[in-house]
Amino acid sequence: MPKLTNIIERYQTAQPVLLVRVYLPMEELPDLFEEYSARVSSYVKQFGEELTDVPFVIYYDYLSMDMEQVDIEICYPVSRSLPSKNEIISKIIPPSKIIFSMHKGSYTDTSPLYGEMTTWIMEKGYEPQGPSYEYYFNGFTYPGYDQLIKVVIPFKEG
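This text gives an overview of the structure that appears in the document. Since this is a predicted model, take the numbers as computed values, not measurements. (Residues numbered from 1 in each chain as written. Predicted model: local features only at pLDDT ≥ 70, side-chain atom pairs only at ≥ 80, totals over all residues. Heavy atoms only, no water.)

**Some points on the pairing of strand β8 (residues 132–136)**
- Counting buried residues along β8, five of its five residues qualify, which places the element largely inside the surrounding structure.
- Where strand β3 (residues 56–59) and β8 come together, four bridges link them in antiparallel fashion. Opposite Tyr 59, over in β8, you have Ser 132 as the bridge partner.
- Pairing geometry for β8 and strand β9 (residues 148–157), over four bridges, is antiparallel. Along β9, the bridge assignment pairs Tyr 135 with Lys 150. (Buried < 20%, exposed > 50% of the residue type's maximum accessible area, 1.4 Å probe, protein only. Helix = DSSP H or I, 4+ residues; strand = E, 2+ residues; numbered from the N terminus. Pairing = 2+ DSSP bridges.)

**Some thoughts on helix α2 (residues 111–123)**
- Compared with an ideal rise of 1.5 Å per residue, which puts 13 residues at 18 Å, α2 spans 18 Å between its outermost C-alpha atoms and is within 8% of the ideal.
- The inward-facing, buried residues of α2 contact β1 (8–12), β3, β6 (96–104), β7 (126–128), β8 and β9.
- At the exit of α2 stands Gly 125, carrying a positive phi of roughly 80°. (Expected span 1.5 Å × (residues − 1). Contact = heavy atoms within 4.5 Å.)

**Section: the side chain of Ser 96**
- Relative to the helices and strands, Ser 96 resides in strand β6.
- Those residues in contact with Ser 96 that sit more than four places away from it in its chain are Arg 10, Tyr 11, Gln 12 and Pro 154.

**Considering the pattern of salt bridges**
- All told, the structure shown has nine salt bridges when counted by the stated rule.
- Here Asp 146 and Lys 104 are joined by a salt bridge, their closest N and O atoms 3.6 Å apart. One end of the pair, Asp 146, is in the loop between β8 and β9; the other, Lys 104, is in strand β6, with 42 residues separating them in the sequence.
- Lys 156 is the salt-bridge partner of Glu 127, the closest N and O atoms lying 4.0 Å from each other. Of the two residues, Glu 127 sits in strand β7 while Lys 156 sits in strand β9, which places them 29 residues apart along the sequence.
- Accessibility expressed as a relative area gives 39% for Lys 156, which makes it partly exposed.
- Salt bridges here are not isolated pairs; linked through shared partners, they connect Arg 21, Asp 71, Glu 73 and Lys 91. (Salt bridge = Lys/Arg side-chain N within 4 Å of Asp/Glu carboxyl O.)

**Some words on the nonpolar core**
- Leu 29, Tyr 59, Ile 72, Ile 74 and Tyr 136 are the most contacted members of the largest nonpolar core, which totals 37 residues.
- Broken down by secondary-structure element, the contributors of at least two residues to this core are β2 (15–24), α1 (29–45), β3, β4 (70–77), α2 and β9.
- Of the residues forming this core, the biggest block, seven residues, is contributed by α1.
- If sequence neighbours within four positions are ignored, Tyr 59 has contacts with Met 26, Leu 29, Met 65, Asp 71, Ile 72, Tyr 114, Pro 131, Ser 132, Glu 134 and Tyr 136.
- Ranked by size, the runner-up nonpolar core spans twelve residues in total, among them Phe 56, Ile 93, Tyr 135 and Val 152. (Core = buried A, V, L, I, M, F, W, Y, C linked by side-chain atoms within 4.5 Å.)

**Looking at α1**
- Between the first and last C-alpha of α1 there are 24 Å, a value that for 17 residues agrees with the 24 Å anticipated at 1.5 Å per step.
- Within α1, the full set of buried residues consists of Leu 29, Pro 30, Leu 32, Phe 33, Tyr 36, Ser 37, Val 40, Tyr 43 and Val 44. Across the axial projection of α1, the buried residues extend over an arc of 145°, all falling on one side. In this structure, α1 carries Asp 31 and Ala 38 as exposed residues pointing more than 90 degrees from its buried face.
- Where α1 is buried, its residues contact β2, β3, β4 and β8. (Arc of directions from axis to C-beta.)

**Regarding the packing of aromatic side chains**
- Inspection of the entire model under this criterion finds six aromatic pairs.
- Taking 5.7 Å as the distance between ring centres and 50° as the angle between the ring planes, the aromatic pair formed by Phe 56 and Tyr 133 counts as tilted. Highlighted residues: Phe 56 in strand β3 and Tyr 133 in strand β8, separated in sequence by 77 residues.
- Assessed through its relative accessible area of 1%, Phe 56 is described here as buried.
- Here the aromatic rings of Tyr 126 and Phe 155 are separated by 4.6 Å at their centres, their planes lie at 10°, and the arrangement is stacked. (Phe/Tyr/Trp six-rings, centres within 6.5 Å; stacked < 30°, edge-to-face > 60°.)

Below, the structure is given as structure tokens:
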């Protein structure tokens, strides 16, 4: 079964990140993710810093995603705001109420979990707020059946 945990409600604090915003076919995400992970890690080390958590992707259109042209930000958590450089942009993700669940399997197989999480939000009388997030604990180098992904959906109380 791909879902590893129950749906959990939490408050997410503000998070400084370095990110790269791209529009691409979903099938290109693994290669681009690995390419930018190396670039951003190298850039962060220039400031004597390390990433503070696993990289994640913000999906801006998760409720109606077009797999041929997804609008995403590949994000790399850092301990403080760092300067932007070229395509690497500095941003602080604002605090929000979230729900999350862990998924084991390919990033292309998360749709059932999204459906369950969206239903959970609606049944509580809440509304999804903003984009979704997927934290990739072992990147895309593992086979699809072994990928470990934390799916996060921000919400607001209705």
